[in-house]
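Okay, here's what each chain looks like letter by letter:
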Amino acid sequence: MAKKADDHDDFMLNRDEDIRSMFKIFSKSHHPFLLPSDTRWMPAVDVFETDEEFILIVDIASIDSKDVELFIKKGYIIVKGIRREIKKFKKRHYHKMEIDYGPFERKIDIPIAVDEYNIKTQYKDGFLEIRLKKIVDRRGSKRIINIKWEE
Amino acid sequence: MEEKVEKPSYSIPNEIPLLVLDNTVLLPNIIMPYPVKDVRDIQLINDSLVDSKMIGVFSNRIIEKDEIPKDEIFEYGTAAVVLKLFKIPDGSIRIIIQGLKRIKINRVIQDEPYRRAEIHVIEDEYKPSMQIEVLQRNIVETFRKITELSPNIPEEILTATININDPAILADFICSNIEMDLADRQNILKEVNIENRLKILTTILGREVKMLELGSKIQTKISTEFDKSQRKYFLREQLKAIKKELGEDEELSVEITEFTNKIKKAKMPKEALAVAEKELDRLKRINPAAAEYSVAVNYLDWLVSLPWKVSTKDRVDINRAKKILDEDHYGLVDIKDRILEFLAIRKLKKSIKGPILCFVGPPGVGKTSLGQSIARALCRKFIRISLGGIRDEAEIRGHRRTYVGALPGRILQRIKQAGTNNPVFMLDEVDKIGMDFRGDPSSALLEVLDPEQNSTFSDHYVEVPFDLSNVLFIATANELYPIPPPLRDRMEIIQLPGYINEDKVKIAERYLIPRQIKENGLKPENISFVTTAIEKIITDYTREAGVRNIEREIGTICRKVARKFATGHKKIVKITKNSVEKYLGSAKFYSDMGKRENEVGIATGLAWTPFGGEILYIESVMMRGNKGFTLTGQLGDVMKESARAALSYIRSKSEELKIDNRIFEKSDIHVHVPAGATPKDGPSAGITIATSLASLLTKKPIKHDIAMTGEITLRGKVMPVGGIREKVVAAKRAGIKSIIIPKKNMSDLENIPEKIIKNLHFYPVEAIDEVWNLALIDGKTNKVQ
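Residues numbered from 1 in each chain as written. Chains lettered and ligands numbered in written order. Predicted model: local features only at pLDDT ≥ 70, side-chain atom pairs only at ≥ 80, totals over all residues.

A.B. asks: Lay out the overall build of chain B in plain terms, naming residues and giving numbers.
C.D. replies: Along its length, chain B carries 26 helices and 24 strands. Residues counted as buried form 38% of the 785 residues belonging to chain B. Nonlocal contacts in chain B, meaning residues at least 24 apart in sequence, comprise 75% of its contacts between residues at least 6 apart. (Helix = DSSP H or I, 4+ residues; strand = E, 2+ residues; numbered from the N terminus. Buried ≥ 20, exposed ≤ 12 C-beta atoms within 10 Å, placed from the backbone. Contact = placed C-beta atoms within 7 Å.)

Structure below.
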């Protein structure tokens with residue numbers, strides 16, 4: 001799992017914000033935009049924290065359980081998978097095609113200390129909920145260190 | 001780590017539909033919007049969405065947007081997937097596509113309704129090396145420069161670029177984000193070797209940086225220039241403000257105070273004053289550097305320099321005026337009388353509307369110089385314009401001020417030049433005004449010449465009415481009929497007939513000879529002309545109504561005499577009748593009256609030309625032939641018809657005239673009017689032709705010293721004709737004693753000076769028979785026949 005995440009680290013855009021800001025430009029000015037060729041789309045996320053937890057909600061409706069993967073590494077979490085197309089209507093003629101299909105991947109930064117081994121996940125009504133336990137004492141608040149004075 | 005997610009459906013198929021892009025290239029990993037307009041392309045996209053969503057994207061070789069010959073596409077392209085699709089109200093669609101891999105066409109397998117081709121995927125050749133890393137850094141650095149220079153690339157793109165590690169993707173991404181030629185983009189697409197691809201991109205980027213640097217240099221140069229002029233403007237405004245503070249209210253007002261004074265001095269009428277003051281107000285507000293400023297200055301300059309109130313005082317001393325007129329011109333009694341009458345009225349009544357005189361007469365009779373004498377007699381300024389060949393209405397009334405370089409018309413220009421508002425204004429050659437698409441100057445003259453209207457003459461440029469009613473307008477013309485009737489109607493026509501020989505002798509003695517002597521540097525005691533010599537010059541060397549050629553011939557003599565004096569001659573040179581030939585060569589014209597005899601078939605007629613009257617001989621002969629009737633001598637239709645009428649009348653009266661009728665069957669008749677080169681027309685030679693024919697057919701000779709003019713009808717009546725005055729003068733000049741004229745023309749003789757009529761016999765006639773009784777000699781046969 002960790003190794004997989006490392007691969008993506010090497011690939012290109014290191015930070016989640018890079019991609020997001022580029023999306024913004026793209027929608028405004030239609031400047032050519034970059035996405036790795038094995039990724040088609042990036043699901044939308046809500047990221048927030050409570051007193052105890054760091055919570056991510058990923059909008060990935062209509063996804064089979066075998067088609068989604070979750071990786072975590074220090075500093076970020078990666079959701080990747082495939083949304084398969086609905087092949088129901090044989091002869092169709094498109095007016096709009098806005099829903100994203102195909103392979104997706106989303107790397108989300110975790111700016112605070114969390115317990116990587118204490119993750120709760122739940123997939124319900126198209127939302128994937130990821131809850132991480134915050135490590136408040138160890139990283140979130142400062143520790144006072146006593147200095148020994150020699151006389 | 002096991003591969004949990006399978007992606008079999010996203011591998012690139014071997015057969016793929018081809019979408020041809022206009023003037024752009026899609027590279028792998030790039031997401032790009034693209035508008036699809038062609039119906040077949042829309043179908044292609046829709047079909048691909050239902051299928052695998054995969055398409056092959058290729059570029060068109062031809063850059064022009066319209067009329068794409070679709071076969072000309074590059075063989076390298078990109079496999080792409082359609083991510084999104086929107087329909088646009090005009091029926092076209094907009095798609096967002098993502099490039100996947102480089103591909104090459106093996107062969108096209110389908111053309112309609114859209115192209116499909118068999119393709120294969122090309123993989124990049126990539127071996128990591130130092131070389132590549134250096135190139136990569138270099139490219140990022142150059143791209144940074146480009147983003148700094150070019151306003152079109154958002155900073156986020158640069159940030160993204162810095163974070164790309166893969167050199168292949170870096171090259172493709174930068175290539176997609178800067179301006180470059182289709183061919184350059186295609187080269188990057190085609191290049192599979194990463195190192196080479198980076199090299200190509202480096203060159204392109206280097207060029208782009210240079211172009212942008214140059215562009216920004218030009219930009220800054222322009223903006224500094226602009227700043228400079230802006231700075232000047234601000235400084236000038238500041239200076240103005242400072243001066244105002246100091247109370248030195250402005251240097252630009254030198255011109256303005258000057259105008260203020262000039263406006264006061266010009267004593268303009270109320271209307272003009274209002275306009276001038278308004279213009280001055282405007283001038284104060286205009287920046288002196290503005291183009292408008294000089295236009296306003298020019299206009300004001302015109303306004304203040306027109307002689308609104310300046311006029312010369314008329315000297316109404318009638319005796320003095322008569323003396324001056326007599327001094328300058330010999331004869332012309334009628335005209336002098338008219339001018340003296342005008343003066344007399346002027347003396348009795350202070351204000352008088354200026355009459356408009358029009359002198360009509362042949363060239364060289366002194367129309368223009370008469371105008372000058374009138375001005376002298378009245379103590380007024382004399383100005384003249386020649387209207388000959390003027391076609392543009394603006395010449396009279398000026399151009400509107402909106403035109404660049406606009407000026408007032410010639411009327412006001414000359415008035416300004418004269419400096420007074422009551423000059424004698426001569427409009428020369430008023431009969432030669434032209435007319436074309438630029439308007440009709442003669443119509444513009446109507447306003448100028450109407451005494452009721454010209455007190456408010458309005459020039460297009462000046463726009464304020466100017467009073468022309470004090471101007472004494474004198475027009476001149478050679479002929480009356482080309483003058484448009486409305487214009488003619490406004491003028492008082494005074495005819496100047498040609499001079500007769502006696503007059504010419506007097507004119508030569510009094511004016512021409514003294515002037516030529518002076519002009520050729522001689523003294524009056526060097527040369528003298530005997531009267532008979534002058535007569536010879538007039539009769540043998542000139543034939544004209546005026547005196548120009550006489551003066552020229554006298555000038556020739558004086559020149560030759562002057563040469564004699566210059567080469568040492570001392571004694572006075574006397575020009576006698578005999579010595580004229582020595583100076584002027586043999587005679588140019590023959591006064592052949594004396595040599596002529598009474599002949600059969602030769603009748604003397606009188607003709608009118610714009611240059612005065614002429615003597616005309618009509619000759620006719622008869623020869624064996626067959627009823628032919630020939631007319632030669634450049635005759636017009638009217639003249640030919642009147643000749644036929646004359647012949648028909650004679651034939652109808654053949655018994656009374658004792659003409660053998662058989663003669664018409666057996667002979668041809670030929671009538672000729674010399675000189676053959678001059679075109680002639682008009683009915684006034686009717687009785688002359690009839691007389692010539694009657695003489696020919698009855699074999700009675702015609703008296704050679706009797707001239708005639710008159711129109712003939714088919715029934716032998718004689719109708720009145722025009723130009724009697726000139727014709728009489730011509731007859732007198734030619735030494736003819738008797739003239740046959742239509743009875744109805746007798747009243748015209750009243751207008752001819754007594755001196756000319758003296759010694760002439762006039763025979764008024766009503767019918768052609770009377771003419772024949774007068775002109776044909778009974779009994780004698782002609783020796784020629």
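Anyway, onward from the coordinates.
A.B. asks: Before we move on, could you go through the overall build of chain A and cite the residues and values that matter?
C.D. replies: Each helix and strand in chain A was counted, giving three helices and nine strands. Ordered by position from the N terminus, the helices and strands of chain A form the series α-α-β-β-β-β-β-β-β-β-β-α. For chain A, the residues scored as buried account for 19% of the 151 residues in total. Pairs at least 24 residues apart make up 57% of the contacts formed inside chain A by residues separated by at least 6 positions.

A.B. asks: Describe the sheet that holds strand β23 (residues 738-742) of chain B, with residues and values.
C.D. replies: Pairing between the strands of a sheet is mediated by backbone hydrogen bonds and can be parallel or antiparallel. Residue and element names in this part refer to chain B. The strand order β18-β19-β17-β16-β20-β23-β24 describes an open sheet built from seven strands, whose pairing is mixed. Of all strands in the sheet, those bounded by a partner on one side alone are β18 (629-632) and β24 (761-765). Along the sheet, successive strands turn relative to each other by an average axial angle of 30°, direction set aside. As paired strands, β23 and β24 are joined by five bridges and run parallel to one another. The residue of β24 that forms the bridge with I741 is P764. The sheet contacts of helix α26 (residues 768-775) involve β20 (706-708), β23 and β24, and relative to β20 the element is tilted by about 160°. (Pairing = 2+ DSSP bridges. Axes fitted to C-alpha atoms, helices over the stretch in contact; angles between N-to-C directions.)

A.B. asks: So what's going on with unusual backbone geometry? Which residues, and what values?
C.D. replies: Put simply, E112 of chain B and P113 of chain B share a cis peptide bond, and its omega is -5°. The topology assignment puts P113 of chain B in the loop between β5 (93-110) and β6 (116-122). The residue D125 of chain A is not glycine, and still its phi comes out positive at about 55°. By the secondary structure assignment, D125 of chain A is in the loop between β8 (114-124) and β9 (127-134). Looking at D125 of chain A, the number of C-beta atoms within 10 Å reads 5, which means it is exposed. Even without being a glycine, N23 of chain B presents a positive backbone phi close to 55°.

A.B. asks: Hey, could you go over helix α18 (residues 531-541) of chain B for me, with residue numbers and the actual values?
C.D. replies: Count 3.6 residues to each turn of an α-helix, and residues three or four apart come out pointing the same way. For α18 of chain B, every residue scored as buried is listed here: A533, I534, K536, I537, I538 and Y541 of chain B. Contacts made by the buried residues of α18 of chain B are with α17 (501-519), β14 (527-529), α19 (548-566), β15 (573-575) and α20 (579-584) of chain B.

A.B. asks: Please give an account of the packing of helix α8 (residues 270-285) of chain B against helix α9 (residues 291-305) of chain B that cites residues and values.
C.D. replies: When two helices pack together, their arrangement is given by the angle between their axes and by how far apart the axes lie. Residue and element names in this part refer to chain B. Relative orientation of the contacting elements α8 and α9 amounts to 150°, with a least axis distance of 10 Å. In terms of orientation, α8 lies roughly antiparallel with respect to α9. α8 and α9 meet at a crossing whose hand is left-handed. Along its contact with α8, which presents A272, A276, E279, L280, R282 and L283, the element α9 presents A296, V297, Y299, L300, L303 and V304. Residue composition of the contact of α8 with α9, grouped by class: ten nonpolar, no polar and two charged. (Parallel < 35°, antiparallel > 145°, perpendicular 65-115°, else oblique. Left-handed = near helix turned anticlockwise from the far one by under 90°. Nonpolar A, V, L, I, M, F, W, Y, C, P; charged D, E, K, R; others polar.)

A.B. asks: Describe in detail the sheet that holds strand β7 (residues 102-109) of chain A, supporting the description with residues and values.
C.D. replies: All names here are of chain A. Pairing is antiparallel in the open sheet, where three strands are placed in the order β4-β5-β7. Looking at which strands have only one partner, the edges of the open sheet turn out to be β4 (68-73) and β7. Sheet twist, expressed as the average angle between the axes of neighbouring strands with direction ignored, equals 10°. As judged from the eight bridges shared by strand β5 (residues 76-83) and β7, these two strands associate in the antiparallel manner. Opposite I77, over in β7, you have I108 as the bridge partner.

A.B. asks: Break down α19 of chain B for me, citing the residues and quoting the values.
C.D. replies: Residue and element names in this part refer to chain B. Across its 19 residues, α19 extends 26 Å between first and last C-alpha, which sits within 8% of the 27 Å expected from 1.5 Å per residue. Taken residue by residue, α19 has I550, E551, E553, I554, I557, C558, V561 and A562 as its buried positions. Those residues of α19 that are buried are in contact with α17, β14, α18, β15 and α20. Once α19 ends, the next one or two residues include G568, with phi positive near 105°. (Expected span 1.5 Å × (residues − 1).)

A.B. asks: Requested: an account of the environment of S652 of chain B, with residues and values cited.
C.D. replies: Inspection of the secondary structure assignment puts S652 of chain B in helix α21 (residues 637-652). As for S652 of chain B and L714 of chain B, which are separated by 62 residues in sequence, their C-alpha atoms are 9.7 Å apart.

A.B. asks: Quick rundown of the pairing of β8 of chain A? Include the residues and the values.
C.D. replies: Residues and elements named next belong to chain A. Summarising burial for β8: one of the eleven residues are buried, a small minority. Here β8 runs beside β9; their pairing, made up of eight bridges, is antiparallel. Of the residues in β9, the one forming a bridge with V114 is K134. Connecting β8 to the next strand, β9, in antiparallel fashion are two residues, including D125 with a positive phi near 55°.

A.B. asks: Can you tell me about the confidence of the model for chain B, naming the residues and giving the values?
C.D. replies: All names here are of chain B. Here chain B averages 83 in pLDDT, while 94% of its residues score no lower than 70. Scored below 50 in pLDDT, residues 1-9 makes twelve contacts in the model with residues more than four places away or belonging to other chains. Segment residues 780-785 is flagged for pLDDT under 50; beyond a separation of four residues in sequence, or across chains, it makes eight contacts in the model. Model confidence for the complex is summarised by a pTM of 0.50, with the ipTM given as 0.72. (pLDDT = per-residue confidence, 0-100.)

A.B. asks: Pulling in residues and values, what's your account of the nonpolar core?
C.D. replies: A general tendency of soluble globular proteins is for nonpolar side chains to be buried together. Of all hydrophobic cores here, the largest spans 139 residues; its most connected members are A646 and A690 of chain B. Aside from chain neighbours lying at most four places away, what touches A690 of chain B is A646, Y649, I650, I712 and I768 of chain B. (Core = buried A, V, L, I, M, F, W, Y, C linked by C-beta atoms within 7 Å.)

A.B. asks: Tell me about the pairing of strand β4 (residues 76-87) of chain B, and please be specific about residues and values.
C.D. replies: In terms of strand pairing, strand β6 (residues 96-97) of chain A meets β4 of chain B through two bridges, oriented antiparallel. Within β4 of chain B, the position partnered with K96 of chain A by the bridge is F86 of chain B. Pairing of strand β3 (residues 54-59) of chain B with β4 of chain B, which is carried by four bridges, proceeds in the antiparallel orientation. Its bridge partner being in β4 of chain B, I55 of chain B is matched across the sheet by A80 of chain B. Pairing analysis gives eleven bridges linking β4 of chain B to β5 of chain B, with the strands arranged antiparallel.

A.B. asks: Kindly report on the packing of α17 of chain B against α18 of chain B, identifying the contributing residues and their values.
C.D. replies: Residues and elements named next belong to chain B. For the pair α17 and α18, interaxial distance at closest approach is 10 Å and the crossing angle is 120°. In this view, α17 runs oblique relative to α18, as classed from their interaxial angle. Crossing angle aside, the handedness with which α17 passes α18 is right-handed. Where α17 approaches α18, its residues N501, K504, V505, A508 and E509 are matched on the opposing element by T531, I534, E535, I538 and T539.

A.B. asks: Residues and numbers for the environment of S52 of chain B, please.
C.D. replies: Residue and element names in this part refer to chain B. The topology assignment puts S52 in the loop between α1 (39-50) and β3. The class of S52 is partly exposed, set by 17 C-beta atoms lying within 10 Å. Put simply, S52 and I12 are 40 residues apart on the chain and 9.1 Å apart in space, counted from C-alpha to C-alpha.

A.B. asks: Before we move on, can you summarise the confidence of the model for chain A with the specific residues and values?
C.D. replies: Per-residue confidence for chain A averages 76 on the pLDDT scale, and 73% of its residues sit at or above 70. Contacts from residues 1-15 of chain A, a stretch scored under 50 in pLDDT, to residues over four places away or in other chains number 24 contacts.

A.B. asks: Please provide a residue-by-residue account of the environment of R346 of chain B, values included.
C.D. replies: Residue and element names in this part refer to chain B. As for its placement among the helices and strands, R346 is situated in helix α11 (residues 333-348). By C-beta crowding, R346 is classed as partly exposed, having 16 other C-beta atoms within 10 Å. Between the alpha carbons of R346 and V316 there is a distance of 7.3 Å; along the sequence they are 30 residues apart.

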